[in-house]
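Okay, here's what each chain looks like letter by letter:
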Amino acid sequence: MISYVEVRDKYSRLPFALVEPLECWFELTYYGVGEFAVRARATKTALAALKDGNYITIPHKPFIWLIEDVEPTYEAGRGYVITVTGRQAKQILGKRIINKQTQLAGDITTAVFDLIRAHAGENAGDVREIDGLTEL
């Protein structure tokens, strides 16, 4: 059972929010890209953190998932619930956003954040639009 998930934005390696899921599932794949779904109570913290384009990680696990869809709903007996879905962030590595060969350091979480910062962040130079990641 996963007691909480960490939420990160696209510029930070450190989580800025912790969300307790009502239900969640994560599909891990080595060669492909796995999907995930997390359902949580629609608290102020969850609504502020679970936004399209943010990332979810499980504490002490070297995996990172990109939030691609957010769906708030009302359930009798539970109240307002927010459901987020998406895919493993390694899908970004399949897009042609890298202008030079880069050696990836550390685990996949660190590598993805470093690539985003270097090639799509504010230090990237030319503005790049990456579908599903950012709207510049």
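As a reminder, the structure under discussion sits directly above these lines.
Because the structure is predicted, anything quoted here is derived from the model rather than measured.

**Overview of the environment of V112**
Mapped onto the elements, V112 comes out in helix α2 (residues 108-119). Judged by relative accessible area, which is 2%, V112 ranks as buried. With 19 residues separating them in the primary sequence, V112 and L93 have C-alpha atoms 7.7 Å apart. Ignoring sequence-local partners within four residues, the contact set of V112 consists of A89 and I92.

**Some details on the nonpolar core**
In this structure, V19, F26, F36, L50, I56 and V84 are the most contacted members of the largest nonpolar core, which totals 17 residues. Listing elements by their share of this core, those giving two or more residues are β1 (5-8), β2 (17-19), β4 (35-41), α1 (44-49), β6 (65-75) and β7 (79-88). Look past the residues within four positions of F36 in its chain and what remains in contact with it is W25, F26, I56, W65, L66, I67, V84, T85, G86 and R87. Counting residues in each nonpolar core, the second largest holds 8 residues, with I64, A89, I92 and V112 among its members.

**A few points about the layout of surface pockets**
What the second largest pocket holds in volume is close to 160 Å³. Around the second largest pocket, the lining residues are T29, Y30, F63, I64, Q88, A89, K90 and I108. Considered class by class, the residues forming the lining of the second largest pocket number 5 nonpolar, 2 polar and 1 charged.

**Section: unusual backbone geometry**
A positive phi angle, near 65°, is found at H60, a position not held by glycine. Mapped onto the elements of the fold, H60 is located in the loop between β5 (55-57) and β6.

**Quick word on the packing of aromatic side chains**
All chains considered together, the criterion is met by 5 aromatic pairs. An angle of 55° between the planes, with centres 6.4 Å apart, marks the rings of F36 and W65 as tilted. One end of the pair, F36, is in strand β4; the other, W65, is in strand β6, with 29 residues separating them in the sequence. For the pair shown, F36 and W65 are each scored as buried.

Rules used in this analysis
Residues numbered from 1 in each chain as written. Predicted model: local features only at pLDDT ≥ 70, side-chain atom pairs only at ≥ 80, totals over all residues. Heavy atoms only, no water. Helix = DSSP H or I, 4+ residues; strand = E, 2+ residues; numbered from the N terminus. Buried < 20%, exposed > 50% of the residue type's maximum accessible area, 1.4 Å probe, protein only. Contact = heavy atoms within 4.5 Å. Core = buried A, V, L, I, M, F, W, Y, C linked by side-chain atoms within 4.5 Å. 1 Å grid on protein atoms, 1.4 Å probe; cavity = no way out; pocket = protein on both sides within 12 Å on 5 of 7 lines; lining within 4 Å. Points joined across faces, edges and corners; volume = space filled by probe spheres on them. Nonpolar A, V, L, I, M, F, W, Y, C, P; charged D, E, K, R; others polar. Phe/Tyr/Trp six-rings, centres within 6.5 Å; stacked < 30°, edge-to-face > 60°.

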